[in-house]
Structure formats: structure tokens, C-alpha cells
Amino acid sequence: ATQYRSPEKVAIEYVEINAATLDVSTVADEASLRERYESVKSRYGAVEQRMASHILVQVDEKPPAVHDSAALAKARDLAAKARLPGADFAALAAANSDDVGSKDVGGDLGPVEKGVFGAACDTSFLALQPGQVSDPVRLPDGWHVLLFREMIPGTAKSFEEVRPELEAEYLESERERVFNDISGKLVDKSPPEVKYVTKE
């Protein structure tokens, strides 16, 4: 009987999709790479920091006109005093600021980044040079007098230095996108009995 017995055989047909070898024709455009650089710049070193202090004259976001005018007048007076030769901004903030979180440290806000306090603050603060005091700036919580204390230079690598790495990452993400797209289409077109194996 053993002469008429054959061993069990298995026939396998398969399709292999390797993300690492996919041909990605997409070329990373300059704008996309620069946008990516800005979003991950901190991983390439410290960016420059603009150190700021402020004095807040608090007033409601939509107060009666007379209250807003009085707060603005007080803020203008404090800005004028802060610009006098030898003025001590920290002492003025400690004595006059309504910001309980910073008045005890002379109004210190630490590094101020673009977009954190809104467009009005950006416009005023980014126009200052180190040591300059702004005109009062209206924010939702009141009038702010800003001091640009100092600029701490950044140590981040330039876009040109890291461009090859950014481009490689961009193309890798494109490979993954194409891989997922192809895999999804195969799954949709395959019968239910087909099994899928994913290798890392």
C-alpha cells in the first residue's frame, strides 16, 4: 500500500509587495520640504529665542468705552516710563502689572514664539529691537506693554544642511502611502479565503 501513497503537497501562489522597493516617482518639491523643516526644526538644535517681559493692564475683552480708554491711558503712561533712560522695567511690572503669573518675576514671559499670543502681539513684538519697549498692544485680557529683553541666537542646522535627510523622509512617507494604496486595492479585489501576511 505504501507504494501507492504520495506525500501531501501544498501549492501556494502569492504576490509580494515590498514598500522598500516600490518605485515612487514623486519628487519632493521645495515648498513641501521647507514646510517640513519648519515643523521639525527643533530636532536639529535650538532655534533662536526672543526673550520678553510685559506689563498687563487688565480690562474685559468688550468693556465699556470709558474703561477701555482708562486702561489704555494707564498702559501708555507705563510704556513712557519704561522708555525713560535708566528705567527698571521689572520694577514697573512688579508694581503695576495685573498679570499675577509674571509680576513677581518682573513681567518675565520667557521666550515668545510667533503665533502664541496672536497676530496683534506678533506685529508689535517682532518689530522691536532688543531693549525696546512697545506701544500698548490690545489682547483679549487687556493692554500689554512689551519689552524685548534679548535675543538668544539659535544653534539649529540650516535647511540646506538637512535637506537630504528631509527629502529621504518625504520619499519614504510617499512609499508608505503608495504601499498602503496598493495593499488596500488588493484586499478589496481578493476573495475572502485569501490570507495576508505583513512583515516588518
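Described in the following lines is the structure provided in the data block. (Residues numbered from 1 in each chain as written. Predicted model: local features only at pLDDT ≥ 70, side-chain atom pairs only at ≥ 80, totals over all residues. Heavy atoms only, no water.)

Structural notes on the packing of aromatic side chains
Next up, step 1: Tallied over the full model, the rule gives three aromatic pairs.
Next up, step 2: Here Tyr37 and Tyr44 contribute two aromatic rings whose centre-to-centre distance is 6.4 Å and whose plane-to-plane angle is 20°, an arrangement assigned as stacked.
Next up, step 3: With 5.7 Å between their ring centres and 75° between their planes, Tyr37 and Phe159 make a pair best called edge-to-face. One end of the pair, Tyr37, is in helix 1 (residues 30-40); the other, Phe159, is in helix 5 (residues 159-189), and 122 residues separate them in sequence.
Next up, step 4: Counting every residue linked through ring pairs, the aromatic cluster contains Tyr37, Tyr44 and Phe159. (Phe/Tyr/Trp six-rings, centres within 6.5 Å; stacked < 30°, edge-to-face > 60°. Helix = DSSP H or I, 4+ residues; strand = E, 2+ residues; numbered from the N terminus.)

Comments concerning the pairing of strand 1 (residues 49-58)
A regular strand places its side chains so that they alternate between the two faces of the sheet.
Next up, step 1: Extensive coverage of strand 1 is indicated by the burial of eight of its ten residues.
Next up, step 2: Relative to strand 4 (residues 142-152), strand 1 runs antiparallel, the two being bridged by ten bridges. Within strand 4, the residue paired with Met51 across the bridge is Glu150. (Buried < 20%, exposed > 50% of the residue type's maximum accessible area, 1.4 Å probe, protein only. Pairing = 2+ DSSP bridges.)

Here's the deal with the packing of helix 1 against helix 5
Next up, step 1: Contact geometry of helix 1 with helix 5 gives a least axis separation of 10 Å together with a crossing angle of 105°. Our classification of the angle between helix 1 and helix 5 gives roughly perpendicular. Along the contact surface, helix 1 presents Glu30, Ser32, Leu33, Arg34, Arg36, Tyr37 and Val40, while helix 5 presents Phe159, Glu160, Val162, Arg163, Leu166, Glu167, Glu169 and Tyr170. (Axes fitted to C-alpha atoms, helices over the stretch in contact; angles between N-to-C directions. Parallel < 35°, antiparallel > 145°, perpendicular 65-115°, else oblique. Contact = heavy atoms within 4.5 Å.)

Let's talk about the pattern of salt bridges
Next up, step 1: Counted according to the given criterion, the structure contains 15 salt bridges.
Next up, step 2: The salt bridge involving Arg43 is made with Glu165; its shortest N-O contact spans 3.5 Å. Pair noted here: Arg43 is in the loop between helix 1 and strand 1 and Glu165 is in helix 5, with a separation of 122 residues, a long-range link.
Next up, step 3: Linked through salt bridges whose partners overlap, the residues forming this network are Glu30, Arg34, Glu160, Arg163 and Glu167. (Salt bridge = Lys/Arg side-chain N within 4 Å of Asp/Glu carboxyl O.)

Side note on the sheet that holds strand 2 (residues 108-111)
Next up, step 1: Spatially, four strands are ordered 2-1-4-3 in an open sheet, and the strand pairing comes out antiparallel. Two strands bound the open sheet, and with one partner strand each, they are strand 2 and strand 3 (137-139). Along the sheet, successive strands turn relative to each other by an average axial angle of 35°, direction set aside.
Next up, step 2: Pairing geometry for strand 1 and strand 2, over three bridges, is antiparallel. Counterpart to Ala52 in the pairing with strand 2 is Gly110.

Some details on the nonpolar core
Next up, step 1: If you look at the biggest cluster of nonpolar residues, it comprises 16 residues, and the most contacted ones within it are Ile55, Val57, Phe89, Val133, Trp143 and Val145.
Next up, step 2: Contributing elements (two or more residues each) for this core: strand 1, helix 2 (65-83), helix 3 (89-96) and strand 4.
Next up, step 3: If one sorts the elements of this core by residue count, helix 2 sits on top with six residues.
Next up, step 4: If we skip the residues at most four places from it in the chain, Phe89 touches Ser53, His54, Ile55, Ala82, Gly106, Val133, Val145, Leu146 and Leu147. (Core = buried A, V, L, I, M, F, W, Y, C linked by side-chain atoms within 4.5 Å.)

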